[in-house]
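The lines below spell out each chain.
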Amino acid sequence: MKTQEVSQIIDGARFTQFHWMVMCLCALLLVFDGYDLFIYGAVLPVLMKEWTLSPVQAGALGSYALFGMMFGAFIFGPLADRIGRKKGVAISFVLFSLSTFASGFASSPNEFGIFRFLAGLGCGGLMPNAVALMNEYAPKRLRSTLVAIMFSGYSLGGVLCAGLGIWMLPRFGWQSMFFAAAVPLVLLPLILWKLPESVGFLLRAGKQEQARAMLAQVAPHAAPGADVQLVQGEAKPSGAPMLELFKQDRTVGTLMIWIAFFCCLLMVYALGSWLPKLMASAGYSLGSSLSFLLALNFGGVVGAIGGGWLGDRFTLPKVVVSFFAVGTVAIALLGFNSPTPVLYLLIIVAGATTIGTQILLYANTAQFYPLAIRSTGLGWASGVGRSGAIVGPLLGGALMAAALPLSMNFLVFAIPGLVAALAFGIFLLRYRHGQRAVAAEATSTVSAATISRSV
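Rules of the game
- Residues numbered from 1 in each chain as written.
- Predicted model: local features only at pLDDT ≥ 70, side-chain atom pairs only at ≥ 80, totals over all residues.
- Heavy atoms only, no water.
- Helix = DSSP H or I, 4+ residues; strand = E, 2+ residues; numbered from the N terminus.
- Buried < 20%, exposed > 50% of the residue type's maximum accessible area, 1.4 Å probe, protein only.
- Contact = heavy atoms within 4.5 Å.
- Areas by Shrake-Rupley, 256 points an atom, 1.4 Å probe, with all protein chains shown as cover.
- pLDDT = per-residue confidence, 0-100.
- Patch = residues over 30% accessible without salt bridge, like charges linked within 9 Å, V, L, I, M, F, W, Y side chains within 5 Å.
- Salt bridge = Lys/Arg side-chain N within 4 Å of Asp/Glu carboxyl O.
- Expected span 1.5 Å × (residues − 1).
- Bend = angle between axes of the 7 residues up to and from the residue.

Time to look at the overall build of the protein. Helix and strand counts for the protein come out as 18 helices and 2 strands. Looking at the protein as a whole, 58% of its 455 residues qualify as buried. Sequence-distant contacts, at least 24 apart, represent 84% of the contacts inside the protein between residues at least 6 apart. Summed over its atoms, the accessible surface of the protein is roughly 16800 Å², and 69% of this surface lies on carbon and sulfur atoms.

With that out of the way, let us pick up the confidence of the model for the protein. For residues with low pLDDT, the predicted coordinates do not support detailed interpretation. Mean pLDDT for the protein: 81, with 90% of residues reaching 70 or above. The element-level mean pLDDT for the protein is lowest in helix 18 (residues 436-454), coming to 36, with helix 7 (residues 175-179) highest at 92. Taken together, the stretch residues 434-455 has pLDDT below 50 and engages in 28 contacts with residues farther than four places along the chain or on a different chain.

Among the surface-exposed residues, Val 329, Leu 333, Phe 336, Leu 404, Met 408 and Leu 411 lie close enough to one another that they form a single nonpolar patch of about 490 Å² accessible area. Checked against the element boundaries, Val 329 lands in helix 14 (residues 316-333).

Moving on: helix 2 (residues 17-50). For helix 2, spanning 34 residues, the distance from its first C-alpha to its last is 49 Å, which sits close to the expected 50 Å at 1.5 Å a residue. At Leu 44, helix 2 shows its maximal bend, which comes to roughly 55°, and the proline Pro 45 appears one to four places after that position. Summarising burial for helix 2: 26 of the 34 residues are buried, a large majority. Among the residues trailing helix 2, Thr 52 stands out with phi positive, at a value near 45°.

Moving on to the pattern of salt bridges. For the structure shown, the criterion picks out 4 salt bridges. Between Arg 85 and Glu 136 there is a salt bridge, with the nearest N and O atoms lying 2.5 Å from each other. Here Arg 85, found in helix 4 (residues 85-103), pairs with Glu 136, found in helix 5 (residues 109-137); they are 51 residues apart in sequence, far enough to count as distant. Exposure class is identical for Arg 85 and Glu 136. Each is buried. For Arg 212, the salt bridge is made with Glu 209, and the minimal N-O distance between the two is 2.7 Å.

This next bit is on the environment of Leu 411. Mapped onto the secondary structure, Leu 411 falls in helix 17 (residues 406-430). Residue Leu 411 is classed as partly exposed on the basis of its relative accessible area, which comes to 34%. Counting along the chain gives 78 residues from Leu 411 to Leu 333, while the straight-line C-alpha distance between them is 7.9 Å.

Another point: the side chain of Asn 297. Looking at the element boundaries, Asn 297 is found in helix 13 (residues 286-314). You can call Asn 297 buried: its relative accessible area is 0%. Setting aside residues no more than four positions away along its own chain, Asn 297 makes contact with Phe 38, Ser 155, Gly 158, Val 159 and Ile 355.

Given below as structure tokens:
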């Protein structure tokens, strides 16, 4: 029986209705995920007043969901490599939607923190699996662009959150923002029906017929026949999948990716949690402060799509380094007295180069690791990065409690951008000729599989 490697079929496929469906479904899931993640920053000024929270207490409360996200990424990333990404996505979606809805019933900070932790578990599990699924099915020439467009749903969720907050908070109270998170659950049957399973998982499970049917949708003009044995380019890892992240010349890349994730998510959640409160403290009204959060997430959409387009032309690592450098400058300048149009422009640039860069980091990480450990690599990178996300709100609370000048707050928020730029500069130098380790491993594995079948 002839053999054919699945990545060869997917890499050379044309953009079809199937790709459009996967991108839209994953983007829709990330809209809800992004809404959940930015909701705390939108309601924070109201919660601090209602529950008389100090800045330190508010920062700690904001970290509950981020602790959950860290554990969710560690748990659901590797788990999806075993049970399938479709199941991993569905479980995560239901978990964070129900937990966010329940947060609206909280009558104390402790109850609120428990529900936010559970919601974080689901958010942390959904994000890496959605990215891995989109990356697996995207044609090679459009991969960065499609992943970035899909991931822009995350920023659109933040825009939706800020927009609803401007309208709903004065009229219905902070609880209504959390109750609205249950509405997307009506789409669960559609997601279970239309979202495809990972073709790599189907092959590892021995489901050749289902894998062939899936590839017939991906590449109708190059669909494999019944006489073709489909194979993966990467062997299924033996032993602990996490240890595979440091094999085949991947150690430096893995460590630099982790540092970049940590710093990037620190900036994203420091700004996402504290930007409205910082601007309110600077004399802006609640509505104006939430409009800054809206601008931040709008910038994230622009940065994700623009960065993905640039990444397909100039390589993602180069774009990531450039974005981190520009973001460092933009965030540092936010604390200085600027005209309102300039302030909005700086916030949009900050969103494009923090939220947008986070999205590019996911795309880069998905391309760095082989298919068999992709969810594990994304899960661990996201999980390590969540420790930075936890530090972000805590750092913002400590800075607010210290009553530092506004400019000092933003200067401190900008420092991680410089560290991340240096880390990814090392990544770029180490892998400047492409993802050598991944390519070498894929080539050697395919060759070994071909030889063994020929013998």
